[in-house]
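What follows is the residue order along each chain.
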Amino acid sequence: MSSYNQNPDREALEALWMPYTSNRYFKDNPILVTGGEGAYLTTSEGKTVFDGLSGLWCSGMGHCRSEITEAVSKGIGQLDYSPAFQVGNPLAFEVANRVKAITPDGLDYVFLTNSGSESVDTALKMARAYWRQKGQATKTRFIGRSRGYHGVNFGGISVGGIGANRKLYGQGIEADHLPHTCLAENAYSKGMPEKGANLADHLEELVALHDASNIAAVIVEPFSGSAGVIIPPVGYLKRLSDICKKHNILMIFDEVITGFGRTGHAFGADAFGVTPDIMVLAKGLTNGAVPMGAVVATDEIYQTFMAAGGPEHAVEFPHGYTYSGHPVACAAALAALDIFENDNIAAKAAELAPYFETQLHNLKGLNHIEDIRNFGLAGALQIAGRDGDPAIRPFEIFRKCWDNGLFIRSGGNTIQIAPPFISDKQQIDTLFNILSDALTSTK
Ligand SMILES: Cc1ncc(COP(=O)(O)O)c(C=O)c1O
């Protein structure tokens, strides 16, 4: 029996060590989500809350889509698990073909994982191994970006650039970081900021320092989500890509947030007009319904592994997860991809984006706001700290919004907003009314 409708007491909450959560505060002030439908979540107290972050940026097409829940129920009844190594299941091949078809031309081979973090570390291993297979084994270094987020595994936190996610964990893998692109002079830009393309040139300095013969790949999010929606300046990503190409360095796009419609295009690569060598995906692939991620690589990368693979029975890429291509996750992904294509989800996001942008920027001038940033259906407010604590006000605003029927996320000194693609203008209005009340009532 599920315990969805129970309100557990304090003791019943103790055993779960919650992820990215202030456990002590939460257990004294719990928020329990027990249902989801469309753009709304429901709580154990029977409250309805507008999901202004699409889950954790993953459920943009709305919760409990019958197409997905039915596909999952049917799928698990037919095949609950199939071994992932040396044996395949047809759904995994179908997912790969569908992902290949919608990702930019040239990204042709799809490796399946179970999360964004696994996808990131898979991509990093793939990049290093690629160079080794090509006889360039010294190309091992990675370059990430300050304030970048690439999940929580050791590779991901090494290339990631959020100090709080790294400081407790000691040595990671060797990585340098490009400067972030959040410039004070670009504050309150709508969409892509004008200034800062030249920040990409910092890559030349890192190449001069280490030599390209020692660098495997650069990894960036097309726009940074978890750091508070930091949008690339006009021309920046193209410049970064040109420098990578010039020096024979692979470019990895972490599209865990920007993939599957958030930018108003299918992928950030489409929105910003730059195609990487490797694309990292997760979240929207199944609309969040079942964990799943993917890494999409070029034909050149895949064929390099095949050519260097040794005898035919040998494993060319000794990497994979027990649950790679899990049939139930695949069933969810195929149903989600159907909706994504049939309902023109990216176009829906693009249509709502200008209204979202206007309403978001109308908050300018309210208490504590230092900057407003947005792209597609993603937005963030940068909030001034209080008493030397940069995170306190966003946290208080998040809790107030929740109490008033809105879920948005606080992360560091920012409030992050990513409404479902199926939202309408009225829901966007309600979102900003609740948020603006929370801002004005926060000291
Ligand atoms: C850009 C990016 N990469 C990787 C991840 C990690 O994904 P997961 O939490 O599924 O491991 C996230 C999660 O938010 C993300 O935003």
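Before any of the text, the structure's been laid out above.
The rules behind these values
Here the residue index of a chain counts from 1 through its sequence in written order. In keeping with the model being predicted, local features are shown solely for residues with a pLDDT of at least 70 and side-chain atom pairs are shown and tallied solely at 80 or more, while totals for entire chains, interfaces and linings include all residues. A strand pair is defined by DSSP finding two or more bridges across the two strands. Secondary structure elements follow DSSP: runs of H or I of four or more residues count as helices, runs of E of two or more count as strands, with numbering from the N terminus. Only the stretch in contact is used when a helix axis is fitted, and all axes are lines through C-alpha atoms; the angle between N-to-C directions ranges over 0 to 180 degrees. For the purpose of contact definition, each residue receives a C-beta atom placed from its backbone, and two residues are in contact when these atoms lie within 7 Å. For our purposes the nonpolar core covers buried Ala, Val, Leu, Ile, Met, Phe, Trp, Tyr and Cys residues that link as a set through C-beta atoms within 7 Å. Exposed residues have 12 or fewer other C-beta atoms within 10 Å of their own C-beta, buried residues have 20 or more, and residues in between are partly exposed; the C-beta atoms are placed from the backbone. Each domain's extent was defined by an automatic or database domain assignment. Put plainly, near means the residue's C-beta atom, positioned from the backbone, lies within 6 Å of the molecule or strand in question. Just so you know the grouping, Ala, Val, Leu, Ile, Met, Phe, Trp, Tyr, Cys and Pro go in nonpolar, Asp, Glu, Lys and Arg go in charged, and all remaining residues, Gly too, go in polar.

Caption draft 1: Looking closely at the sheet that holds strand S14 (residues 409-411). Strand order across the open sheet formed by four strands is S11-S12-S15-S14, with antiparallel pairing between neighbours. Edge positions in the sheet fall to strand S11 (369-375) and S14, since each has one partner strand and no second. When the angles between neighbouring strand axes are averaged without regard to direction, this sheet yields 20 degrees. As paired elements, strand S12 (residues 378-383) and strand S15 (residues 414-417) share four bridges and run antiparallel to each other. Across the sheet, Gly-379 pairs through a bridge with Ile-417, a residue of S15. Running at roughly 170 degrees to S14, helix H13 (residues 392-403) makes contact with S12, S14 and S15 of the sheet.

Caption draft 2: Representation of the nonpolar core within the structure. The biggest cluster of nonpolar side chains holds 123 residues, and the ones touching the most others in it are Val-218, Ile-252, Ile-278, Val-296 and Ala-332. By residue number, the principal contributor to this core is helix H11 (residues 327-342), which donates 10 residues. When residues of this core are assigned to domains, at least three map to each of domain 1 (10-61 + 344-440) and domain 2 (69-342). When residues no more than four places from it in sequence are discounted, the contact partners of Ala-332 are Ile-68, Ala-71, Val-72, Thr-286, Ala-289, Val-290 and Met-292.

Caption draft 3: Quick peek at the site of the ligand. Looking at the ligand, there are 14 residues lining it, with Ser-115, Gly-116, Ser-117, Gly-151 and Val-256 nearest. With three residues, helix H5 (residues 116-133) is the single largest residue contributor to the shell around the ligand. Per-class residue counts for the shell around the ligand are five nonpolar, seven polar and two charged.

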